[in-house]
Amino acid sequence: MAYRAPVSDYAFILDHVVDYARVASTARFSEADRDVVAAIIDEAAKLSNDVMAPLDRGGDLTPARLENGGVISSPGFADAFAQIAEGGWIGMLAEPDNGGMGLPLTLASVVNEMMSGACLSLALEPLMCQGQIEALEHHACDEIKALYLPKLVSGEWCGTMNLTESGAGSDVGALRTKATRNDDGSYDITGQKIYITWGDNDFSGNICHLVLARLPDGGEGTKGISLFLVPKFLPDADGEAGDANSLSVVSLEHKLGIHGSPTCVMDYNGAKGWLVGNEHEGMKCMFTMMNNARLGVGMQGVGVAEAATQKAHAYAMDRVQGRTPLGADGTGAIIDHADVRRMLAVMRADTYVARCISLACGVALDLGRDDPEWQARGAFLIPIAKAFGTDIGHEVAQLGVQVHGGMGFIEETGAAQYARDARITSIYEGTNGIQAMDLVARKLMDGGDAANALLDEIEAFAEAARASLPELAGPVWSAAETLREGLEAVLALDLNDRFAGATAFLRAFARVLGGYYHLKSALAEGEAGTRTRLARFYILRMLPEYTSLLVQARLGASDLYALTTEDLLA
Ligand SMILES: Cc1cc2nc3c(=O)[nH]c(=O)nc-3n(C[C@H](O)[C@H](O)[C@H](O)COP(=O)(O)OP(=O)(O)OC[C@H]3O[C@@H](n4cnc5c(N)ncnc54)[C@H](O)[C@@H]3O)c2cc1C
């Protein structure tokens, strides 16, 4: 079955779950009203369904390859990228002064989810460009902005992010790429970067690399790092792509998934670059765009989860195996077996939760542009949106394989591709372990205020919902209250003890948020229908997982370190 963007789900969640109307009521986003939102979702859905989704399989079967030092992209990708650019989707978030649409992040996140569900490998290219545009808008000097932004926003030129080196992954501060100053204000960049997504392509006139490097007087660690814009072709006097810069693609990685996305080893050999932001403040610049980038990756997970669920559902409706308990009252296919129905319900319910968390995070970040309390809410939700969204992408895609039985393990159904493609999302843009540590460390530096404000909101809503949906509201209220106790316990731990339970704590928080969003959906539905039935499934079967997770979150690290490294081999 071909991917279909879940358009009605977006509209429902925006209206009834995450209160998008608040965003549209701000002066900044007043133009992104209901009608505009509907039109944007519709157009993006057409592009995703009709242009991008048909390319997904081909990207897997005919990966990007390196020929004569240049990337040859998968069949159809160049044309589809041109259509993405033509539709203005690359500049969705860019300021209108720079040729962008200036859309709220919430809406851009919806579009990013659809594109990722349709064809993750290709969707990564516009996402990389979005990140670069944001970095330049915030930190580049006027000259660089004037030269690069219009071409990046239009899609004429593309952008990449170069942080990772062989000795510097999660620990970016360990990087060794060097920068030296030139007399003309430019810099020479020398070093090797690995795993660079879309480090080259065969469809844009230039590729602009944002590269983290250290100046000779840059100190050790993250504080001594600067950010540079290093184009593949140096702009000539007219601002057009001119002479080739001293950089090359050394090789492409052979990967588990996202075969259509070229993952490049890049060599910079005295390549000319220009400073973005101030010297030694490169990490500060990266932090500006981290929220959007992390939310974007969270949406990748949600997109693949949606696509995997649709495919599994179609297969389960068709595949006949054994006698089902529903007999003539059912479909006769495996979807009528209780265990298959359980898997599909888990897939649907968790995809929904991950989508709601991400869009709630988008709303908080949009409102947070002018309001510190919302900003704190957004900052708190970011690691949850990234880690839970991508964990769910992976888990749901694995369940999709299971629903297919043996055919899930056979490539031709495409179920396995989702499982392979989704796997990377919990690793890049800060592994999910690092996200969880961020949640229990930096995001609790306010003493738990942002977390408690969210729990207050959940409890107040659940309390009010008791009258109409007592069976669902009660467990959600209790979960929020128990999570509050868990939060207090985590706050009392020292840092490494918190880290030992960080992943469990993040998951517990996501589970409780899921209860809240499903409850809200059931209540908004009024007459008990699909959303109420799904809410019941989630709240009664899946929400209770938070209790065991909270046990782990409070345990501390001593039992982990009591296990010796030899024990782990025994
Ligand atoms: C397909 C692909 C595309 C990518 N695209 C890009 C890109 O475009 N640009 C770019 O710059 N990079 C990119 N990356 C790199 C990616 O961001 C890194 O792989 C990621 O940050 C993890 O770094 P690492 O691979 O060195 O793993 P490591 O840092 O070695 O981590 C290994 C394990 O140790 C854990 N760990 C590490 N440090 C800690 C700690 N302090 N506390 C607890 N646990 C820890 C990690 O969570 C992980 O489980 C890409 C990677 C891949 C595979």
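Throughout this document, residue positions are counted from 1 along each chain, in the order its sequence is written. pLDDT decides what is reported in this predicted model: residues at 70 or higher carry local features, side-chain atom pairs at 80 or more are listed and counted, and totals for whole chains, interfaces and linings draw on all residues regardless. Hydrogens and water are ignored here; the side-chain numbers use all heavy atoms of the structure.

1. Brief notes about the overall build of the protein chain
Applied cut-off: Elements are defined by DSSP. Helices are runs of H or I of four residues or more, strands are runs of E of two residues or more, and each kind is numbered from the N terminus. Only the C-alpha atoms count toward the radius of gyration. The rule for a globule is 2.2 Å times the residue count to the power 0.38. Exposure categories follow from relative accessible area, calculated using a 1.4 Å probe and restricted to protein chains: below 20% of the type maximum is buried, above 50% is exposed, and the middle band is partly exposed. Note on contacts: a residue pair is in contact if any heavy atoms of the two residues lie within 4.5 Å. In short, Shrake-Rupley with a 1.4 Å probe defines the accessible areas, and a residue's cover is counted only from the protein chains shown. In this tally, Lys and Arg are treated as positive and Asp and Glu as negative; His is ignored, and so are the chain termini. Taken as the charge location is NZ of Lys, CZ of Arg, CG of Asp or CD of Glu.
Regarding its fold elements, the protein chain presents 20 helices and eleven strands. Relative to a compact globule of 570 residues, whose C-alpha radius of gyration would be 25 Å, the protein chain shows 24 Å and is just as compact. If you line up the protein chain on its principal axes, its C-alpha atoms span 75 × 60 × 50 Å. Of all 570 residues assigned to the protein chain, the portion counted as buried reaches 57%. Sequence separation of 24 or more characterises 74% of the internal contacts of the protein chain that already satisfy a separation of 6 or more. For the protein chain, the accessible area works out to roughly 22900 Å², and carbon and sulfur atoms hold 53% of it. One finds the centroid of the 45 positive side-chain charges in the protein chain at a distance of 5 Å from the centroid of its 75 negative side-chain charges.

2. Here's the deal with the packing of helix α9 (residues 338-367) against helix α17 (residues 502-525)
Just so we agree on the cut-off: For helices, the axis comes from a line fit to the C-alpha atoms of the stretch in contact; other axes are also lines fit to C-alpha atoms, and the angle between any two N-to-C directions lies between 0 and 180 degrees. Working rule for angles: under 35 degrees goes down as roughly parallel, over 145 as roughly antiparallel, 65 to 115 as roughly perpendicular, anything else as oblique. Each residue is assigned to one of three groups, with Ala, Val, Leu, Ile, Met, Phe, Trp, Tyr, Cys and Pro labelled nonpolar, Asp, Glu, Lys and Arg labelled charged, and all others, Gly among them, labelled polar.
Remark: α9 packs on α17, axes separated minimally by 9 Å, with the N-to-C direction vectors making an angle of 95°. The angle between the axes of α9 and α17 places the two elements in the roughly perpendicular class. Together, Ala-349, Asp-350, Tyr-352, Val-353, Cys-356, Ile-357 and Ala-360 of α9 and Ala-510, Arg-511, Leu-513, Gly-514, Tyr-517, His-518 and Ser-521 of α17 make up the contact between the two elements. Classifying every residue of the contact of α9 with α17 by side-chain character gives nine nonpolar, three polar and two charged.

3. Topic: the site of the ligand
Our working definition: Neighbouring residues are identified by heavy atoms, a residue being near a molecule or strand if any of them is within 4 Å of it. Think of a polar contact as two N or O atoms within 3.5 Å of one another; within protein, one of them needs to be a possible hydrogen donor and the other a possible acceptor, and neighboring residues in sequence only count if both atoms come from side chains.
Taken together, 19 residues sit near the ligand, with Thr-164, Ser-170, Tyr-195, Thr-197 and Thr-431 positioned nearest. Between an oxygen atom of the ligand and a main-chain N or O atom of Leu-163, the distance comes to 2.8 Å. Separating a nitrogen atom of the ligand from a side-chain N or O atom of Thr-197 is a distance of 2.7 Å. Burial of the ligand by the protein chains amounts to 62% of its free accessible area of 980 Å². Secondary structure elements with two or more residues in the shell around the ligand: β3 (157-162), β5 (187-197) and α13 (432-440). Top contributing element to the shell around the ligand by residue count: β5, with three residues.

4. Some words on the nonpolar core
Test applied: The term nonpolar core refers to a set of buried residues drawn from Ala, Val, Leu, Ile, Met, Phe, Trp, Tyr and Cys, joined through side-chain atoms within 4.5 Å.
Residues Leu-136, Ile-384, Phe-505 and Phe-509 are the most contacted members of the largest nonpolar core, which totals 174 residues. Broken down by element, this core gets its largest block of residues, 19 residues, from α9. Residues in contact with Ile-384, not counting those within four places in the same chain, are Ile-357, Gly-389, Leu-439, Leu-506, Phe-509, Ala-510 and Leu-513. Within the second largest apolar cluster, 19 residues are counted, among which are Ala-64, Val-71, Ile-196 and Leu-247.

5. Description of the pattern of salt bridges
Going by this rule: Salt bridge, as applied in this entry: a Lys or Arg side-chain nitrogen positioned within 4 Å of an Asp or Glu carboxyl oxygen.
As enumerated under the stated definition, the model contains 36 salt bridges in all. For Glu-306, the salt bridge is made with Arg-348, and the minimal N-O distance between the two is 2.9 Å. Of this pair, Glu-306 sits in helix α8 (residues 282-318) while Arg-348 sits in helix α9, and the two are 42 residues apart along the sequence. Overall, Glu-306 belongs to the buried group, its relative accessible area being 2%. Note on Arg-348: relative accessible area 27%, which makes it partly exposed. Counted as one network, the salt bridges with shared partners bring together Asp-9, Glu-113, Glu-306, Arg-348, Arg-355 and Arg-531.

6. Let's talk about α17
Under the convention used in this document: In this analysis, the expected span of each helix is defined as 1.5 Å times one less than the number of residues it contains.
Helix length check: α17 (24 residues) gives 35 Å between terminal C-alpha atoms against 34 Å at 1.5 Å per residue, within 8%. Along α17, 20 of the 24 residues are buried, which leaves the element largely enclosed by surrounding structure. Backbone geometry just after α17 places Gly-526 at a positive phi near 75°.

7. Considering the packing of aromatic side chains
Given two aromatic rings, their pairing is described by the distance between the two centres and the angle made by the two planes. What counts is decided by this rule: Two aromatic rings, drawn from Phe, Tyr or Trp (for Trp, its six-membered ring), form a pair once their centres lie within 6.5 Å of each other, and the interplanar angle then sorts them: stacked below 30 degrees, edge-to-face above 60, tilted otherwise. In this scheme, Lys NZ or Arg CZ marks a charge over a ring once it lies within 6 Å of the ring centre and within 35 degrees of the ring normal.
If you walk through the whole model with that rule in mind, you get nine aromatic pairs. On the basis of an interplanar angle of 35° and a centroid distance of 6.4 Å, the ring pair of Phe-77 and Trp-198 is categorised as tilted. Remark: Trp-198 occurs in the loop between β5 and β6 (206-214) and Phe-77 occurs in helix α5 (residues 77-86); sequence separation between them is 121 residues. Judged by relative accessible area, which is 0%, Phe-77 ranks as buried. Looking at Trp-198, the relative accessible area reads 1%, which means it is buried. Ring pairs connect the aromatic residues Phe-77, Phe-81, Trp-198 and Phe-203, which therefore count as one cluster. Just above the ring of Trp-157 sits the side chain of Lys-151; from NZ or CZ to the centre is 5.2 Å. Across the ring face of Phe-12, the terminal group of Arg-531 is positioned such that the distance to the ring centre comes to 3.8 Å.

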